[in-house]
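# Examining the three-dimensional arrangement
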Amino acid sequence: MSLRDKKLMAVLAGTALAATALAACSSERTETPAAGGETGGEAGGLIGIAMPTRSLERWNNDGENLEALLQDMGYETSLQYADNKVDQQITQLQNMINQDPEVLVVASIDGTALGPVLDSARAKDITVIAYDRLINGTESVDYYATFDNYQVGQLQGKFIEEELGLADGAGPFNLEPFAGSPDDNNAKFFFSGAWDVLLPYVEGGQLVVPSGKAPASNDEWTNIGIQGWESAKAQSEMENRLNSFYADKKVDVVLSPNDSLALGIEQALDAAGYAPGDEFPIVTGQDADLANVKNMLAGMQSMTVWKDTRTLGEQVATMVDQIVQGEEVEVNDTETYDNEVKVVPAYLLPPQVVTPDTVESSLVESGFYDAAELGL
């Protein structure tokens, strides 16, 4: 058991947690409330939590953390994972709506596909919080909680700029850029943040993209998007680029928007003979997934942008309780997130860069990982 989990358990009510831990093995379940919650205990009620998939480490952590926090506050929860299948998520949401929850917390698979089912929630006065991924094209989303996703990309782009000395005129360097899943609204913010830093260097010749896969503007990011954020698809794409464009040259840097894609990219580079260490290309990432942090320590990834999703869970749990208690819901952005129908009030949390040199001070000392997990 990781230190992160031990700390979480220490916060929760003892006997109820045992049932939660056993149920965590199920991809679809309805939980009973934990006893003795101080904040939400008077209001109580059912909270629906819809997560996209168990195939990415972060969503397992997010779902189980939020569920535990809400149960400790005295709420009943229904936590569902949809295996990255949109129709399955829609069915799960409809089933939750039929149970008359107080609030639905939704991390969408396809942010454009949920309008009709959420309209039925709105008709029943069920409040909807979009969790980390904006839900588009509908009035039926009330709040959005996420990290500053444009800043995530900015941190990646600026890291590349600084590591290569681009602002000082260094170059040219061979760059291969990747973008996230075209159906994920966050992916455009990640790419835009990074590309606003890097595109001027591409246009000026300090960064060269041998594959030609360099979007001319932020709006063209989907042309290099990897569907479903799948590691295997990123690995295949990187292998194709290496085989087709790098017979007589080396990759210097890869812009990867998250750790799942970075993992596949790193596997392709490793198989192509790039040796871990100082000669390995700069590879960016996001999420501080365990395998990627280990790759960072092994010299196969240069950085990750860490979004401590424990803090996101805490913020969303607070928002849920504010909604149920009839209090004003705390937001800090009422301008940025236009879902094409409305501007969704949002709460943004700050991300931070983690490098191999700061793994211990950032991830271990905070309790996100324990040293043994990382071989430290």
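Rules of the game
Residues numbered from 1 in each chain as written. Predicted model: local features only at pLDDT ≥ 70, side-chain atom pairs only at ≥ 80, totals over all residues. Heavy atoms only, no water. Helix = DSSP H or I, 4+ residues; strand = E, 2+ residues; numbered from the N terminus. Buried < 20%, exposed > 50% of the residue type's maximum accessible area, 1.4 Å probe, protein only. Axes fitted to C-alpha atoms, helices over the stretch in contact; angles between N-to-C directions. Parallel < 35°, antiparallel > 145°, perpendicular 65-115°, else oblique. Left-handed = near helix turned anticlockwise from the far one by under 90°. Contact = heavy atoms within 4.5 Å. Nonpolar A, V, L, I, M, F, W, Y, C, P; charged D, E, K, R; others polar. Phe/Tyr/Trp six-rings, centres within 6.5 Å; stacked < 30°, edge-to-face > 60°. Lys NZ or Arg CZ within 6 Å of the ring centre and 35° of its normal. Pairing = 2+ DSSP bridges. Salt bridge = Lys/Arg side-chain N within 4 Å of Asp/Glu carboxyl O. Core = buried A, V, L, I, M, F, W, Y, C linked by side-chain atoms within 4.5 Å. pLDDT = per-residue confidence, 0-100.

### With respect to unusual backbone geometry
At the junction of G171 and P172, the peptide bond is cis and its omega measures out at 5 degrees in the coordinates. With respect to the helices and strands, the residue P172 is situated in the loop between α6 (149-164) and β7 (173-177). Despite not being glycine, N84 shows a phi value in the positive range, around 60 degrees. Looking at N84, the relative accessible area reads 32%, which means it is partly exposed. Positive phi outside glycine occurs at D287, with the angle close to 110 degrees.

### A closer look at the packing of helix α8 (residues 231-245) against helix α9 (residues 259-271)
One can describe the packing of α8 onto α9 by two numbers: an axis separation of 7 Å at closest approach and a directional angle of 40 degrees. Classified by the angle between their axes, α8 and α9 sit oblique to one another. Between α8 and α9 lies a crossing whose hand is right-handed. Two secondary-structure elements touch here, α8 through S231, A234, Q235, M238, E239 and L242 and α9 through S260, L261, L263, G264, I265, Q267, A268 and L269. Of the residues that constitute the contact of α8 with α9, the class distribution is eight nonpolar, five polar and one charged.

### Overview of the packing of aromatic side chains
Two aromatic rings are characterised by how far apart their centres lie and by the angle between their planes. Within this structure, the stated rule accounts for seven aromatic pairs. Centre to centre, the rings of Y144 and Y337 are 4.9 Å apart; their planes meet at 75 degrees, and the pair counts as edge-to-face. Within this pair, whereas Y144 is found in strand β6 (residues 143-147), its partner Y337 is found in the loop between α11 (309-324) and β12 (346-349), the two being separated by 193 residues in sequence. On the basis of relative accessibility, which here comes to 2%, the residue Y337 falls in the buried class. Ring centres of F190 and W229 lie 6.1 Å apart, and the angle between their planes is 65 degrees; this geometry places the pair in the edge-to-face category. Of this pair, F190 sits in helix α7 (residues 185-203) while W229 sits in the loop between β8 (207-208) and α8; the two residues are 39 residues apart in sequence, bridging distant segments of the chain. The rings of Y144, F189 and Y337 are connected pair by pair, giving a single aromatic cluster. The ring of Y81 carries R54 above its face, with NZ or CZ at 4.1 Å from the centroid. The lysine or arginine in question, K250, covers the ring of Y274, its NZ or CZ lying 4.7 Å from the ring centre.

### Some details on the sheet that holds strand β9 (residues 253-255)
Strands sit in the order β8-β7-β9-β10 across an open sheet of four strands; the sheet is parallel. Of all strands in the sheet, those with a lone pairing partner are β8 and β10 (282-283), marking the two edges. Strand direction decides the pairing type here: β9 and β10, joined by two bridges, are parallel. Looking at the pairing, V253 lines up with I282 of β10.

### Section: the pattern of salt bridges
Under the definition given, this model contains twelve salt bridges. Across the salt bridge formed by R241 and E237, the nearest N and O atoms sit 2.8 Å from each other. Placement of both R241 and E237 in helix α8 is noted, with a separation of four residues, approximately one turn of the helix. No difference in accessibility class separates R241 from E237, as the two residues are buried. For the salt bridge of K249 with D248, the shortest nitrogen-to-oxygen distance reads 3.0 Å. Of the residues examined, D248 reaches a relative accessible area of 66% and is grouped as exposed.

### Side note on the nonpolar core
Counting residues in each nonpolar core, the largest one holds 74 residues, and the members touching the most others are L70, Y131, L207, M238, L269 and V320. By residue number, the principal contributor to this core is α7, which donates ten residues. Ranked by size, the runner-up nonpolar core spans 22 residues in total, among them A50, M96, A121 and V344.

### A look at the confidence of the model for the protein chain
Should the pLDDT be low somewhere, the predicted coordinates at that spot are not to be read in detail. Mean pLDDT for the protein chain: 89, with 89% of residues reaching 70 or above. Scored below 50 in pLDDT, residues 1-41 shows 80 contacts in the model against residues more than four places distant or in partner chains.

### What to know about the pairing of β6
Burial runs high along β6: four of the five residues are buried. As paired strands, strand β5 (residues 127-131) and β6 are joined by three bridges and run parallel to one another. The partner of I129 across the bridge, within β6, is Y143. Where β6 lies against β12, four bridges are found, and the strand directions are parallel. Directly across from Y144, in β12, lies its bridge partner A346.

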